[in-house]
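Okay, here's what each chain looks like letter by letter:
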Amino acid sequence: MVIDIKDTVHAVEAAAVTGLLPARPRLLALGEPTHGEDALLDLRNGLFRQLVEQEGYRTIAIESDCLAGLVVDDYVTSGTGTLDEVMEQGFSHGWGAFAANRELVAWMRAHNDGRPASEQLRFAGFDGPLEITGAASPRQALTALHGYLSARVDPDLLPCTAETLDRLLGTDDRWTDPAAMHDPDRSVGRSAEARELRLLADDLVTLLDAQAPHLRAATSRDDWDRACLYGRTATGLLRYHSRMADASPARMTRLCALRDVMMAHNLLAVAARGPALVHAHNSHLQRRKNTMRMWQGPVEWWSAGALVSARLGEEYAFVATALGTVRHQGVHAPPPDTLEGLLYALPEDRCLVDAPRLATVLGDARPAPRVSPWFGYAPLDPAHVADSDGIVFVRDVPQVRPS
């Protein structure tokens, strides 16, 4: 396939990314096709720094536990805790072990030091407290929401006491049993206690909404936003646990969909604070459905990016990332007739591609789909090039970070 795509290529810089967009988005989503590569995290860090310094961005949101992320945000804004503690406690999915994430947090803290709150950078995790092996207990979110309300509203308006919540929650290991992911009968999600907790969580969130004028006047924006986060997370976790107890054929589809719904709600809350860079797997940020084969068979659900894009329109932008090689994982040079093969033929080590323009240049000459020999890398689908606003292409991902 001989197609000249050089005119679609730009440097990977903040100005070039924003130049592809009709207006500055509230959420600029940068996807990655695999997890765990510091080279991709380094690229994200550099782009975020440029967006902060040149475009006025103030927030980064990553695919990590939204409640744990509060620990990181407290550190970068006020210096609470130590960097070692924050990296251990403030990330899920093993993200705290990556050098590039540590460098990001340290840079944000140094940037914020001595600056007024209005100019400080903020950090957010936007995933639920979930892993593919299970989900957290709703205790932290439920008790934090109850504590916020009990300190600020008439006690007679509360649907229950803290002691009632504690009794219904029981021990946390009831909720976190990893066997429940494969065996619905092991899940506590449809027990009598869990059903009552879902009703109480709904009542607490309704009370939060009903008292919003008073609460927003009486507390800081951060305290209010955190209370809303606790409410979203509590109700989301209780829904998720309920579906873990579901033995129907649609069980995994519903669980995957619920996770992305939680992500989308958290991203919309981030967007309400101002322009943010979002970083996660391409599959969570794309504007179309996800498909995956799991132990129950194929599943399909709308991604968080699709859900957010439906709400924000042009205020949501998505830039996918594609790779040439990840040789230490067995991913070698792509076939020349694939999309990645076309990009691999370019001289640049990394570049930004105008995706809609590339789709126009390709026309009916659609590249062949690339097949990755490693499950951990998801190639781009050439049929959906125009669904993204841009493509960042990294020619070769080293096993070790360049010195």
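What counts, and where the lines are drawn
Residues numbered from 1 in each chain as written. Predicted model: local features only at pLDDT ≥ 70, side-chain atom pairs only at ≥ 80, totals over all residues. Heavy atoms only, no water. Helix = DSSP H or I, 4+ residues; strand = E, 2+ residues; numbered from the N terminus. Contact = heavy atoms within 4.5 Å. Polar contact = N/O pair within 3.5 Å; in protein donor to acceptor, adjacent residues only side chain to side chain. Axes fitted to C-alpha atoms, helices over the stretch in contact; angles between N-to-C directions. Parallel < 35°, antiparallel > 145°, perpendicular 65-115°, else oblique. Left-handed = near helix turned anticlockwise from the far one by under 90°. Pairing = 2+ DSSP bridges. Buried < 20%, exposed > 50% of the residue type's maximum accessible area, 1.4 Å probe, protein only. Core = buried A, V, L, I, M, F, W, Y, C linked by side-chain atoms within 4.5 Å. Lys, Arg positive; Asp, Glu negative; His and termini not counted. Salt bridge = Lys/Arg side-chain N within 4 Å of Asp/Glu carboxyl O. Phe/Tyr/Trp six-rings, centres within 6.5 Å; stacked < 30°, edge-to-face > 60°. Lys NZ or Arg CZ within 6 Å of the ring centre and 35° of its normal. Expected span 1.5 Å × (residues − 1). Arc of directions from axis to C-beta.

- Under an unreviewed UniProt entry, the chain has the name Erythromycin esterase-like protein and belongs to Streptomyces griseomycini.

## Thoughts on the environment of S64
Argument step 1. Turning to its location among the elements, S64 is positioned in strand β3 (residues 59-65).
Argument step 2. With 204 residues separating them along the chain, S64 and L268 place their C-alpha atoms 16 Å apart.
Argument step 3. Setting aside residues up to four positions removed in sequence, S64 forms contacts with G90, F91, S92, H93, W95, G125, F126 and D127.
Argument step 4. Here the side chain of S64 touches S92 through a polar contact of 3.0 Å, landing on its backbone nitrogen.

## Side note on the packing of helix α3 (residues 69-78) against helix α11 (residues 221-244)
Argument step 1. Relative to each other, α3 and α11 sit at 165°, their axes nearing to 13 Å. Relative to α11, α3 is oriented roughly antiparallel. In this structure, the crossing between α3 and α11 has a hand that is right-handed. Seen from α3, the contacting residues are L70, D73 and D74; seen from α11, they are R226, L229 and Y230.

## Topic: the sheet that holds strand β10 (residues 316-325)
The strands that make up a sheet pair up through hydrogen bonds in the backbone, lying either parallel or antiparallel.
Argument step 1. Across the sheet, which stays open at both edges, the eight strands sit in the order β1-β11-β12-β10-β2-β7-β3-β4 with mixed pairing between neighbours. In this open sheet, the two edge strands, each paired with only one partner strand, are β1 (9-10) and β4 (122-127).
Argument step 2. Inspection of the sheet shows strand β11 (residues 350-353) paired to strand β12 (residues 390-396) by four bridges, in the antiparallel sense. From the neighbouring strand, V353 faces β12, where its bridge partner is I391.

## Overview of the pairing of strand β2 (residues 27-32)
Argument step 1. Of all six residues in β2, six are buried; the element is thus mostly enclosed.
Argument step 2. Where burial is concerned, the two faces of β2 agree: the one with L27, A29 and G31 and the one with L28, L30 and E32 are both buried.
Argument step 3. The pairing of β2 with strand β7 (residues 276-281) spans six bridges and is classified as parallel. Looking at β7, one finds that L30 is bridged to H279.
Argument step 4. Note that β2 and β10 share four bridges and pair parallel. The residue of β10 that forms the bridge with A29 is F318.

## Some details on the nonpolar core
Argument step 1. Core analysis: the largest hydrophobic core is formed by 82 residues, its most contacted members being L27, L28, F48, V105, M108 and I391.
Argument step 2. Apart from residues no more than four positions distant in its own chain, F48 is found in contact with T59, I60, L104, W107, M108, L121 and L277.
Argument step 3. In terms of nonpolar packing, the next biggest core, distinct from the first, is built from 32 residues, L158, A212, C228 and Y230 among them.

## Quick word on the side chain of H281
Argument step 1. With respect to the element layout, H281 can be found in strand β7.
Argument step 2. Taking relative accessible area as the criterion, H281 reaches 14% and is therefore assigned buried.
Argument step 3. For H281, the contacting residues outside a window of four places in its chain are G31, E32, P33, T34, H35, E63 and A378.

## Comments concerning the side chain of E32
Argument step 1. Relative to the elements of secondary structure, E32 occurs in strand β2.
Argument step 2. An unpaired buried charge is present at E32: no salt bridge exists, and R44, the closest side chain of opposite charge, is 6.9 Å distant.
Argument step 3. Not counting the four nearest positions on each side in its chain, E32 is found in contact with L40, L41, W95, H279, A280, H281, N282 and T321.

## Brief notes about the packing of aromatic side chains
Argument step 1. On inspection of all chains with the given rule, the structure shows four aromatic pairs.
Argument step 2. A ring pair is formed by W95 and F98, whose centres lie 5.4 Å apart and whose planes are at 50°; its orientation type is tilted.
Argument step 3. On the numbers, 6.2 Å between centres and 65° between planes, the contact of W374 with F375 is edge-to-face.
Argument step 4. Taking relative accessible area as the criterion, W374 reaches 16% and is therefore assigned buried.
Argument step 5. Its relative accessible area of 81% is what places F375 among the exposed residues.
Argument step 6. It is R395 that lies over the ring of Y344; its NZ or CZ is 3.9 Å from the centre.

## Quick notes on helix α6 (residues 139-150)
Argument step 1. Over its 12 residues, α6 extends 16 Å from the first C-alpha to the last, a length consistent with the 16 Å expected when each residue adds 1.5 Å.
Argument step 2. Among all positions in α6, only A141, L142, L145, H146, Y148 and L149 are buried. For α6, the angular spread of buried residues about the axis comes to 160°, placing them on one side.
Argument step 3. Lining the buried residues of α6 we find α7 (162-169), α9 (192-210), α10 (212-218) and α11.

## Quick look at the pairing of strand β9 (residues 297-302)
Argument step 1. As defined by bridge partners, strand β8 (residues 289-294) adjoins β9 across six bridges and the pair is classed as antiparallel. Within the sheet, the bridge partner assigned to K289 lies in β9 and is W302.
Argument step 2. A loop of two residues connects β8 with β9, the two strands running antiparallel in sequence.

## A few points about the pattern of salt bridges
Argument step 1. Inspection of the entire model under this criterion finds 21 salt bridges.
Argument step 2. Between R243 and D246 there is a salt bridge, and its shortest N-O distance comes to 3.6 Å.
Argument step 3. Assessed through its relative accessible area of 28%, R243 is described here as partly exposed.
Argument step 4. The residue R395 makes a salt bridge to D396 at a minimum N-O spacing of 3.7 Å.
Argument step 5. A single network of salt bridges, built from pairs that share partners, joins D73, D74, R122, R221, D222, D225, R226 and R273.

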